Amino acid sequence: MTFDHFNFEPELVEGLAAMQFENPTPVQAQSIPIILENKDLIACAQTGTGKTAAYLLPILNKLAKNPTDSIHTLILTPTRELAMQVDQQLQGFSYFVGASSLAVYGGGDSGVWDTQRRAFETGVNIVIGTPGRLLSHMNFGYLKFDKIEHLILDEADKMLDMGFYDDIMKIINKMPKERETLMFSATMPDKIRKLAKAILRDPEEIAFEISKPAEGVLQMAYLTYDEHKIEMIHRLLDGKELQSVLIFSSTKLNTKRIAEKLKKLKHSVGSIHSDFEQREREDILLQFRNRRIQILVATDILSRGIDIEDLDLVINFDVPQDAEDYVHRVGRTARAKSTGVAVTFINEKDQYNFSKIETLIDSTIIKIPIPADLGKSPSYNPNKKRQSFNKRNFKKKKKR
Ligand code: AMP
């Protein structure tokens, strides 16, 4: 199936071409017709399935058909990062449609707040935001959702986990009852079903599995304290003929430090993170693709946009917070070719998160201690965090 199937407006077709999207993913193939028909939808789909474009494309098509000056769509997200990612993708698609968007999230100084307020007063078509910040703007009276036609909850389960239920309901209570509501969630616990019942009308329901790392990826993990990680990378690379190695780190600061340390050890290294200008990023990526740089160190935000095939090795310098990010990171190897290796460093604090990844991908990854001459490895006890959490909860309950 290609995107031609949906008969999108010509402006949107141009946007799709600019983003180099050719074939819809399964979640897109199933969601788009439902959304185009203005039906409510509840979709169980994780990051990486193409869920963002699944709702953005039909919404933009409606805007291309019937342009408006008022706020047409609200997209609620749990985090600032997701709001930014959605807005980025939206801007890519909507360049030719001419729809305006604004991402609104907490943080920043009063200048940021004023810019957000002015944008609302000038008028935007699509607002993407975290519930708390949106509610603060609404309380001042200039932000109204009374003409809204579409409401989308992205990563609904995460929003509830973060305690946004009341804020979400306060926002929804100020919206017209006649609207299309779409809910995307990675998991479907009871609380999500309850929320769906409260805010969706006769929804269609679809569910997708996250794609597990390809069969050909050899996944393994080292149990290591932070101080041994750089030396471990050095040993993994030393004397081997690896042409392209991608190292992921969760933080910008670590990305810089890892690159600097590896440079000192005479490796050919580049790094990219969100501080870099687009042109700088593209330049480093090009060098990496052309194999002029052997190692690229990057943060997760960029992992989704990097399209590099044929990596020899992916190293997770730390365990990602979101289990889905692991699948993204590891999915970078063994794409075009049939084999690849993904190595994860697990320190003593990351063990519980790593066990969540194993649950998500439904397999146990081999864990090995670092070589004895390097130092001691932490012992593996992934239930530690859960135990202490339960103990805390238990104490609280007893007090009541
Ligand atoms: P998401 O699950 O929405 O976070 O999307 C994951 C990644 O897949 C993003 O980098 C998208 O740009 C990309 N993507 C989504 N749909 C398609 C498609 N139909 N063709 C190519 N790339 C896509």
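Residues numbered from 1 in each chain as written. Predicted model: local features only at pLDDT ≥ 70, side-chain atom pairs only at ≥ 80, totals over all residues. Heavy atoms only, no water.

Colleague: What's the story with the packing of aromatic side chains in this structure? I'm lost.
Modeller: Between two aromatic rings, the relevant description is the distance of the centres plus the angle of the planes. The final tally for this structure, using the stated rule, is 10 aromatic pairs. Measuring from centroid to centroid gives 6.2 Å for Phe3 and Phe6, while their planes differ by 50°, and the two rings are tilted. For the pair Tyr55 and Phe184, a centre-to-centre distance of 5.3 Å together with 55° between the ring planes defines the contact as tilted. On the criterion of sequence distance, the pair formed by Tyr55 in helix 3 (residues 51–65) and Phe184 in strand 6 (residues 180–185) is long-range, its members being 129 residues apart. (Phe/Tyr/Trp six-rings, centres within 6.5 Å; stacked < 30°, edge-to-face > 60°. Helix = DSSP H or I, 4+ residues; strand = E, 2+ residues; numbered from the N terminus.)

Colleague: When you look at the side chain of Ser271 in this model, what are you seeing that I'm missing?
Modeller: Looking at the element boundaries, Ser271 is found in strand 10 (residues 269–272). Take Ser271: its relative accessible area is 12%, and that puts it in the buried class. For Ser271, the contacting residues outside a window of four places in its chain are Thr255, Ala259, Phe276, Ile284, Leu296 and Val297. (Buried < 20%, exposed > 50% of the residue type's maximum accessible area, 1.4 Å probe, protein only. Contact = heavy atoms within 4.5 Å.)

Colleague: Help me understand the sheet that holds strand 3 (residues 101–104) in this model?
Modeller: Within a sheet, adjacent strands bond to each other through the backbone by hydrogen bonds, running parallel or antiparallel. Pairing is parallel across the open sheet formed by seven strands, whose spatial order is 3-4-2-5-6-1-7. Each having just a single partner strand, strand 3 and strand 7 (204–207) make up the two edges of the open sheet. Each adjacent strand pair in this sheet contributes to an overall mean axis angle of 10°, direction not counted. Alignment of strand 5 (residues 150–153) against strand 6, held across four bridges, turns out to be parallel. Bridged to Ile152 within strand 6 is Leu182. Helix 3 contacts strand 2 (73–76), strand 4 (126–129), strand 5 and strand 6 of the sheet and is inclined by roughly 165° relative to strand 6. (Pairing = 2+ DSSP bridges. Axes fitted to C-alpha atoms, helices over the stretch in contact; angles between N-to-C directions.)

Colleague: Would you mind going over the nonpolar core with me for this structure?
Modeller: A general feature of soluble globular proteins is that nonpolar side chains tend to end up buried together. The biggest cluster of nonpolar side chains holds 38 residues, and the ones touching the most others in it are Phe8, Leu41, Tyr55, Leu57, Ile75, Phe93 and Ile126. Looking at this core, the elements with two or more residues in it are helix 1 (10–18), helix 2 (26–36), strand 1 (41–44), helix 3, helix 4 (80–94), strand 4 and strand 6. Tallying contributions element by element places helix 3 first for this core, with nine residues. Every residue in contact with Phe8, bar those within four places of it in the chain, is listed here: Phe3, Val13, Leu16, Ile32, Leu36, Leu57 and Asn61. (Core = buried A, V, L, I, M, F, W, Y, C linked by side-chain atoms within 4.5 Å.)

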